[in-house]
Amino acid sequence: ANPDLLEYYRDPMNHRDLEEFLLYHILPGLTLSSDFEDGTVQTLQGGSVEVETNPLSFNGAGVVDEDIMACNGIINVIERALIVPGKNGFIYHVQI
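Quantities reported herein were computed from a predicted structural model and do not represent experimental measurements. (Residues numbered from 1 in each chain as written. Predicted model: local features only at pLDDT ≥ 70, side-chain atom pairs only at ≥ 80, totals over all residues. Heavy atoms only, no water.)

Asks: An account of the overall build of the protein chain is needed here, citing residue identities and associated values.
Replies: Summing up its helical and strand segments, the protein chain has two helices and seven strands in all. Secondary structure elements in the protein chain, listed N-terminal to C-terminal, are α-α-β-β-β-β-β-β-β. By the burial criterion, 26% of the 96 residues in the protein chain qualify as buried. Look at the contacts in the protein chain between residues 6 or more apart in sequence, and 33% of them connect residues 24 or more apart. Accessible area for the protein chain stands at about 6,600 Å²; split by element, carbon and sulfur atoms hold 53% of it. (Helix = DSSP H or I, 4+ residues; strand = E, 2+ residues; numbered from the N terminus. Buried < 20%, exposed > 50% of the residue type's maximum accessible area, 1.4 Å probe, protein only. Contact = heavy atoms within 4.5 Å. Areas by Shrake-Rupley, 256 points an atom, 1.4 Å probe, with all protein chains shown as cover.)

Asks: I'd like to hear about the nonpolar core, residue by residue, with values.
Replies: By size, the foremost hydrophobic cluster in this structure holds 14 residues, and its most contacted members are Leu56 and Phe58. The residues touching Phe58, leaving out its near neighbours within four places in the chain, are Leu27, Phe36, Val49, Glu50, Val51, Val63, Ile78 and Leu82. (Core = buried A, V, L, I, M, F, W, Y, C linked by side-chain atoms within 4.5 Å.)

Asks: I'd like a description of the pairing of strand β1 (residues 39-42), backed by residues and values.
Replies: Bridge count between β1 and strand β2 (residues 48-53): four bridges; the pairing is antiparallel. Bridged to Thr40 within β2 is Glu50. The turn joining β1 and β2, which pair antiparallel and follow one another in sequence, is formed by five residues; a positive phi near 110° is taken by Gly46. (Pairing = 2+ DSSP bridges.)

Asks: Give me the lowdown on the sheet that holds strand β3 (residues 56-58), citing residues and values where you can.
Replies: Taken together, five strands build an open sheet; the order of strands is β1-β2-β3-β4-β5 and the sheet is antiparallel. Either end of the sheet is taken by a strand with one partner, and the two such strands are β1 and β5 (73-78). Strand after strand, the sheet turns through a mean of 40° between neighbouring axes, direction not considered. As defined by bridge partners, strand β4 (residues 61-70) adjoins β5 across five bridges and the pair is classed as antiparallel. Among the inter-strand pairings, Val63 is bridged to a residue of β5, identified as Ile78. (Axes fitted to C-alpha atoms, helices over the stretch in contact; angles between N-to-C directions.)

Asks: An account of unusual backbone geometry is needed here, citing residue identities and associated values.
Replies: Residue Pro55 is reached from Asn54 by a cis peptide bond, and omega for that bond is 0°. Of note, Pro55 is situated in the loop between β2 and β3. Even without being a glycine, Asn59 presents a positive backbone phi close to 50°. Within the element layout of this structure, Asn59 appears in the loop between β3 and β4. Its identity as a non-glycine residue notwithstanding, Asp67 has a phi of 55°, on the positive side. Note on placement: Asp67 falls in strand β4.

Asks: Which residues make up the pattern of salt bridges, and what values do they have?
Replies: All chains considered together, the criterion is met by one salt bridge. Between Arg10 and Glu7 there is a salt bridge; the shortest N-O distance is 3.9 Å. Of this pair, Arg10 and Glu7 both sit in helix α1 (residues 3-10), separated by three residues, roughly a single helical turn. (Salt bridge = Lys/Arg side-chain N within 4 Å of Asp/Glu carboxyl O.)

Structure below.
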């Protein structure tokens, strides 16, 4: 994990950025991995991610574990954090 970035998100002044980052990784609804189609989907953050189905990936991040049923949704684990479009054209990048 990037210690500078983790420290950035821990700062209460940056909680809005953390919320944006997390919401960018959540899609609305309950969709099994087999139900995705090639194209774009909107995230809860408001941005969109590109979905490819063969093999399944989101913005090029491959799915390494799929269809984990949780009490509040379905989890598809991706191999890396996504690049989140930021304000004024800046991009936040997280490497975990």
